[in-house]
There are 2 protein chains.
Amino acid sequence: MTSGRVTIADVARRAGVSTAAVSKVLRGAYGVSAEMQAKVTQAIDELGYRPHAAARALRGRTYTLGVMLSDTRNPFFPDIIEGVTGRLGDTEYQVLLGPGGIEPKTQARMTDAMIDRSMDGLILIAPVLTDAELAVIATATPVVVVGRHGGAVAYDAVVDDDVMGAGLVVDHLVGLGHTRIAHITHLERARAQGLPHMVRAEGYRQAMRAHGLADDVLATSFTEEGGFEGARELLARADRPTAIFAGADIAALGVLRAADEAGLSVPEDLSVAGYDNIGIASLKRVSLTSVDQDGQVIGATAASLLVERIEGRSRSVTSSVSPTLIVRGTTGPPRL
Amino acid sequence: MTSGRVTIADVARRAGVSTAAVSKVLRGAYGVSAEMQAKVTQAIDELGYRPHAAARALRGRTYTLGVMLSDTRNPFFPDIIEGVTGRLGDTEYQVLLGPGGIEPKTQARMTDAMIDRSMDGLILIAPVLTDAELAVIATATPVVVVGRHGGAVAYDAVVDDDVMGAGLVVDHLVGLGHTRIAHITHLERARAQGLPHMVRAEGYRQAMRAHGLADDVLATSFTEEGGFEGARELLARADRPTAIFAGADIAALGVLRAADEAGLSVPEDLSVAGYDNIGIASLKRVSLTSVDQDGQVIGATAASLLVERIEGRSRSVTSSVSPTLIVRGTTGPPRL
DNA sequence: TTGAAAGCGCTAACAA
DNA sequence: TTGTTAGCGCTTTCAA
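Note that this is a predicted model, so its numbers are computed, not measured.

**Points about unusual backbone geometry**
Stage number 1. Note that the residue after V266 of chain A, namely P267 of chain A, is joined by a cis bond; omega there is 5 degrees.
Stage number 2. Tracing the backbone shows P267 of chain A in the loop between α11 (249–261) and β9 (271–275).
Stage number 3. The backbone phi angle of D276 of chain A is positive, close to 120 degrees, even though this residue is not glycine.
Stage number 4. Inspection of the secondary structure puts D276 of chain A in the loop between β9 and β10 (289–292).
Stage number 5. Positive phi, normally seen in glycine, also occurs at S287 of chain B, with a value near 50 degrees.
Stage number 6. Among the structural elements, S287 of chain B can be located in the loop between β9 (271–273) and β10 (290–292).

**Concerning the packing of helix α2 (residues 19–27) of chain A against helix α3 (residues 34–47) of chain A**
Residues and elements named next belong to chain A.
Stage number 1. Put simply, α2 and α3 touch, their axes get as near as 10 Å, and they point 90 degrees apart. Here α3 runs roughly perpendicular to α2, going by the angle between their axes. Of the residues in α3, those in contact with A21, V22, V25 and L26 of α2 are M36, Q37, V40, T41 and I44.
Stage number 2. A breakdown of the residues in the contact of α2 with α3 according to their chemical character gives 7 nonpolar, 2 polar and no charged.

**Section: the protein's contact with DNA strand D**
Stage number 1. In the vicinity of DNA strand D, 23 residues are found, and the nearest of them are I8, R27 and Y49 of chain A together with S33 and R59 of chain B.
Stage number 2. Between DNA strand D and I8 of chain A there is a distance of 2.4 Å, counted from a phosphate oxygen to a backbone nitrogen or oxygen.
Stage number 3. If you tally residues by element for the surface near DNA strand D, the top one is helix α4 (residues 53–59) of chain A, at 4 residues.
Stage number 4. Here the surface near DNA strand D is built from residues that sort into 12 nonpolar, 6 polar and 5 charged.

**Re the protein's contact with DNA strand C**
Stage number 1. If you check the shell around DNA strand C, you find 23 residues, and the closest are S33 and R59 of chain A together with I8, R27 and Y49 of chain B.
Stage number 2. Considering DNA strand C, the proportion of its atoms within 4 Å of the protein that are sugar or phosphate atoms stands at 65%.
Stage number 3. Contacts to DNA strand C include K24 of chain A, whose side-chain N or O atom sits 2.9 Å from a base oxygen.
Stage number 4. S23 of chain B is positioned with one of its side-chain polar atoms (N or O) 2.8 Å from a phosphate oxygen of DNA strand C.
Stage number 5. Those elements that place two or more of their residues in the surface near DNA strand C are α2 and α4 of chain A together with α2 (19–27) and α4 (53–59) of chain B.
Stage number 6. With 4 residues, the single largest contributor to the surface near DNA strand C is α4 of chain B.
Stage number 7. Class assignment for the residues of the surface near DNA strand C results in 12 nonpolar, 6 polar and 5 charged.

**Notes on the pairing of strand β4 (residues 143–146) of chain A**
Residue and element names in this part refer to chain A.
Stage number 1. Side chains V143 and V145 project from β4 onto one buried face, and the interleaved V144 and V146 project onto a second face that is buried too.
Stage number 2. Of the strand pairs in this sheet, strand β3 (residues 121–125) and β4 are connected by 4 bridges, and their pairing is parallel. Opposite I123, over in β4, you have V144 as the bridge partner.
Stage number 3. Assessed by its sense of winding, the connection that carries the chain from β3 through helix α7 (residues 131–140) to β4 is right-handed.
Stage number 4. Across 3 bridges, the pairing between β4 and strand β5 (residues 156–160) is parallel. Each residue of the ladder has a partner; that of V145, found in β5, is A157.

**Topic: the nonpolar core**
Soluble globular proteins: nonpolar side chains tend toward being buried together.
Stage number 1. Among the nonpolar cores identified, the biggest contains 54 residues, and I123 of chain A together with I123 of chain B are the most heavily contacted of them.
Stage number 2. With residues near it in sequence (within four places) discarded, I123 of chain A still touches G66, V67, M68, V84, V144, V146, A302, A303 and L306 of chain A.
Stage number 3. Formed by 52 residues, the second largest nonpolar core is a distinct cluster that contains L235 and I278 of chain A together with A251 and L256 of chain B.

**Focus on the relation of the copies chain A and chain B**
Stage number 1. Superposing chain A onto chain B requires a rotation of 180 degrees together with a translation of 0.1 Å along the rotation axis, leaving an RMSD of 0.1 Å. Such values leave the two copies arranged in the relation of a two-fold axis.
Stage number 2. A symmetric contact is evident, with 100% of the interface residues of chain A recurring at the interface of chain B.

**Let's talk about the interface of chain A and chain B**
Stage number 1. Counting residues at the interface gives 50 residues for chain A and 51 residues for chain B.
Stage number 2. For the pair chain A and chain B, the summed buried surface comes to about 4400 Å²; carbon and sulfur atoms form 55% of the total.
Stage number 3. Seen at the junction of chain A and chain B, the total is 10 salt bridges.
Stage number 4. Here E82 of chain A and R73 of chain B are joined by a salt bridge, their closest N and O atoms 2.4 Å apart.
Stage number 5. Taken together, the connections running from chain A to chain B amount to 21 residue pairs in polar contact (both at pLDDT 80 or more).
Stage number 6. For the side of chain A that touches chain B, the element with the most residues is helix α6 (residues 104–116) of chain A, which contributes 7 residues.
Stage number 7. The residue inventory of the side of chain A that touches chain B, partitioned by class, reads 26 nonpolar, 10 polar and 14 charged.

**Regarding the UniProt feature "domain: HTH cro/C1-type" (unreviewed entry) in chain A**
Stage number 1. The UniProt record marks residues 7–50 of chain A with the feature "domain: HTH cro/C1-type" (unreviewed entry), using the residue numbering of this structure.
Stage number 2. Annotation note: span residues 7–50 of chain A, helix share 70%, strand share 0%, distance between end C-alpha atoms 8 Å.

Conventions used here
- Residues numbered from 1 in each chain as written.
- Chains lettered and ligands numbered in written order.
- Predicted model: local features only at pLDDT ≥ 70, side-chain atom pairs only at ≥ 80, totals over all residues.
- Heavy atoms only, no water.
- Helix = DSSP H or I, 4+ residues; strand = E, 2+ residues; numbered from the N terminus.
- Axes fitted to C-alpha atoms, helices over the stretch in contact; angles between N-to-C directions.
- Parallel < 35°, antiparallel > 145°, perpendicular 65-115°, else oblique.
- Contact = heavy atoms within 4.5 Å.
- Nonpolar A, V, L, I, M, F, W, Y, C, P; charged D, E, K, R; others polar.
- Near = heavy atom within 4 Å.
- Polar contact = N/O pair within 3.5 Å; in protein donor to acceptor, adjacent residues only side chain to side chain.
- Buried < 20%, exposed > 50% of the residue type's maximum accessible area, 1.4 Å probe, protein only.
- Pairing = 2+ DSSP bridges.
- Right-handed = clockwise from strand over helix to strand, strands pointing away.
- Core = buried A, V, L, I, M, F, W, Y, C linked by side-chain atoms within 4.5 Å.
- Least-squares fit on C-alpha atoms with pLDDT ≥ 70 in both.
- Buried area = accessible area lost by both parts, 1.4 Å probe.
- Salt bridge = Lys/Arg side-chain N within 4 Å of Asp/Glu carboxyl O.
- UniProt positions renumbered as here; feature names shortened; annotations may be inferred.

This is the structure in structure tokens:
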């Protein structure tokens, strides 16, 4: 299979030059005449030559960037990936995605695998690794972490401003007249710090406090079932909330189901808001008020930072992307 | 960064043996004494040695399998990927995903990139490349194509039995008493043949014919909007269908919205069925009757076939996975 | 400006 | 059973 492969030597022979010359043209290195450039380029085209990445890796770069996905099911991954590939579209870099799973162990295995494959840099999306583990990875290769707040010293970071996002929701609900606003968050025995759901819960608390309201946080899980169970518990209370802010849209869908079953109409009896603005939130039948993270911008930013890192920047950068509130049909004034 | 890397030479020195010996232990090659095995293994552990994939690639395998994704947004990719990684879990192979985009050109670029990176084999999910292009790729590396019907000669294939799936839906609807059953399919100016939606439409036609019913196919697109537009057109007819079978769940969601807007209740006035059994289909609020493909099995099967190929099988295999009908709340007997 | 040649870390004959 | 050695295809000094 590799037998028939066109190598740099074939190109050199065809162009009547040395392999070193071809290599220089390939990398746009300094010190090549226009004539040489033309000869080599022509030979490359004629032969349909493509550099062998592994061979390059042994000396230089692989022009491969790895994106570790923590949970393939996460609905805004496609946006982030689109942002990354979009930004890298006209560069030489190729993007390869590594399904890291949701366990620290499998994620560590994946990052190791990516490093072993000499990737030029890594984008880690919402990794559950500890700051210490991340630091180790960052010493091996340039790293940009997406979706982890705080602790970026050896690597760059791109985060959604989750505090702001939670604040947008609370402000919106308070503006509508709500005072009993509950929040459903995700319960995790994670060793990792600064995970988005933690920051969203904190942002919710801060915003409630700013409005002089008592907070009410219930931790279940970011699943449809988790939202359902959480809402059922909240709605069974004597002084039930008039609005529920779920930390993730998928949980908000469960809240909607619980409202259905409790015979409460949305938004008249209960306002519901989510976070992430996943695709179905915009479906007319769902019409869920949600916070949009603009995954495309996040992905593009991460890609830019990574390339800068690879090309030499050593100072750490943390970029915060502002979310937007998308008001739809599930939120409205409380019934008086 | 690579400077500090532990190499096979370090291991050999530590264990007091040759690099060749280490290599043999690594690959479990024939002719290694237990003592040698132990010494080397210990040295590897002590040093935390991990083989450098690029260096291996130059001579042998990379232990990397590539999965080309044609559309990251496709909701059953996670299942397929889970199936693939699950099956490969205890092997040495690592899975890397390549976002190929929906254009033939970008997909070709991605497959080239994967070949250039010496991947040991490729799984292509619903590629829009022509049979000829696929054949070329298959000469370069072992290939398993998922979701393309027909034309597998140089490579293996795993397909959902879309004819059967469409038949299940039609049989179900006919069994409920429907006779005017329309089908919404995807319109594509694709060069590629045997795409799932084409086969589903054909399966629908066959099944209708088998029941002695007239078929009624409308081509819009597999989007929420496409389903909506299609349904609106179908429902505006004098002799409107009593059931609509959308070739994809996402389109079925649009059909549901159109029914809402037309003031038709589901399933009393209109039965709706989809295909793919995406996550939201099972949400209680949606409860969409759909055909389930078991992406996990598809992915696991593809992984098995690929490994077999890599390890020497040359005869082509096509594996057909039977879908199941998941009956939920959107289908019922027609109003008399 | 160009080319010769020495590796990068590993595998696979082949020899011992 | 173990070790020696010649590359794999490329990049990168260093000379010419």
